Structure formats: C-alpha cells, structure tokens
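# Observations on chain architecture
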Amino acid sequence: MQPKGEWIDWPITPGAWAYRKDGRGSLALFGEADRDAIFIIRCDHSRRQLFLSRAGSVGQNAKMVLRTSAGMASYPAVNSGGTPAYTAISVSPGDIMMDRIAYSRGRFAVETSGLESLAIPAWPEFSRVVEDCRN
C-alpha cells in the first residue's frame with residue numbers, strides 16, 4: 001500500500017539502522033530486527049561507489065527517486081540479482097543527494113517504480129557510510 005499525501009507526512013517505515021564494515025568497505029542496513037534489511041547503503045571502497053538498495057525487484061526502465069527536505073533526484077534502478085531480491089542504484093560519494101539526505105529534516109523518502117514507497121529516518125549511520133567512501 002502506497003502512503004498517501006506529501007512524503008514528509010508519511011509514517012516512518014518501521015525499523016532501525018545498523019552500521020558495519022566488511023571486506024568491501026562499509027554498509028548501513030535499515031529494517032526490523034531479525035529480518036532482512038529493507039534499505040541498505042553500501043560503500044564499495046575499491047570502486048569508490050555507493051550502492052543504495054531497497055528490498056524488492058523491478059522491471060526494465062525502473063527509477064528510484066530520493067526525496068529530502070532540500071530536493072529530489074531520480075536515478076535508473078536495476079535488480080541486484082541476489083536472494084532476497086533487491087533493487088539498487090549506484091552513485092558517486094560526492095552526489096549532492098547524499099548530503100541532502102544527511103541534512104534532511106529527520107527523514108528521506110525512497111520511491112521506486114512498482115514498489116511501495118519508504119520514509120526512512122535520516123540517522124548518522126547513513127552519513128557514516130557516505131563519509132567512509134569519501135575518505
């Protein structure tokens with residue numbers, strides 16, 4: 001079910017952030033305890049790329065729209081090919097939307113073609129992964 005009204009008024013998607021490091025870099029996962037994450041930001045340090053993924057799969061020509069209190073941006077989205085299914089975008093660590101998410105007023109929205117929209121709290125774990133990729 002899609003949230004109604006303006007994105008800033010949507011109920012926050014249930015869950016919490018968790019940060020960790022691994023052999024590829026760092027990542028922050030958002031979701032409910034003891035369940036697969038519904039949103040992930042990963043820094044692939046060797047590629048100097050951020051990957052933002054959300055649970056679910058999409059068809060061809062899908063888009064992921066990120067909304068913040070300072071603006072929005074749309075990106076081509078593709079299925080990541082894993083199990084469980086995730087849809088992902090790849091962005092540069094310097095992409096302006098990463099700063100907009102960090103400074104958004106408490107939340108940001110993720111709208112993806114054919115999938116339920118998410119309102120995710122803008123906690124420090126997200127920004128920590130972005131900073132890891134910038135350094």
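Residues numbered from 1 in each chain as written. Predicted model: local features only at pLDDT ≥ 70, side-chain atom pairs only at ≥ 80, totals over all residues. Heavy atoms only, no water.

## Some words on the sheet that holds strand S1 (residues 16–22)
- Here nine strands make up an open sheet; going across it, the order is S1-S2-S3-S4-S7-S6-S5-S8-S9 and the pairing antiparallel. If you trace the sheet from one side to the other, it starts and ends with S1 and strand S9 (118–121), each paired once. Sheet twist, expressed as the mean angle between neighbouring strand axes with direction ignored, is 25°.
- Pairing between strand S2 (residues 25–31) and strand S3 (residues 39–44): six bridges, direction antiparallel. Bridge pairing in S3 links Phe-30 to Phe-39.
- Lying on the sheet, helix H2 (residues 124–134) is in contact with S1, S2, S3, strand S4 (49–55) and strand S8 (107–112); it crosses S3 at an angle near 20°. (Pairing = 2+ DSSP bridges. Helix = DSSP H or I, 4+ residues; strand = E, 2+ residues; numbered from the N terminus. Axes fitted to C-alpha atoms, helices over the stretch in contact; angles between N-to-C directions. Contact = heavy atoms within 4.5 Å.)

## A short note on the packing of aromatic side chains
- Tallied over the entire structure, the rule returns five aromatic pairs.
- Between Trp-17 and Phe-30 the ring centres are 5.4 Å apart and the planes differ by 55°, which places this aromatic pair in the tilted class. In this pair, Trp-17 is assigned in strand S1 and Phe-30 in strand S2, connecting sequence segments 13 residues apart. When sorted by exposure, Trp-17 lands in the same class as Phe-30, which is buried.
- Aromatic pair Phe-39 and Phe-108: ring centres 5.8 Å apart, planes at 65°, arrangement edge-to-face. Highlighted residues: Phe-39 in strand S3 and Phe-108 in strand S8, separated in sequence by 69 residues.
- Given a relative accessible area of 0%, Phe-39 falls into the buried group.
- The exposure class assigned to Phe-108 is buried, which follows from its relative accessible area of 0%.
- An aromatic cluster of at least three residues, connected via ring pairs, comprises Trp-17, Phe-30, Phe-39, Phe-108 and Phe-126.
- Its end group placed over the ring of Tyr-19, Arg-128 keeps NZ or CZ at 3.7 Å from the ring centre. (Phe/Tyr/Trp six-rings, centres within 6.5 Å; stacked < 30°, edge-to-face > 60°. Buried < 20%, exposed > 50% of the residue type's maximum accessible area, 1.4 Å probe, protein only. Lys NZ or Arg CZ within 6 Å of the ring centre and 35° of its normal.)

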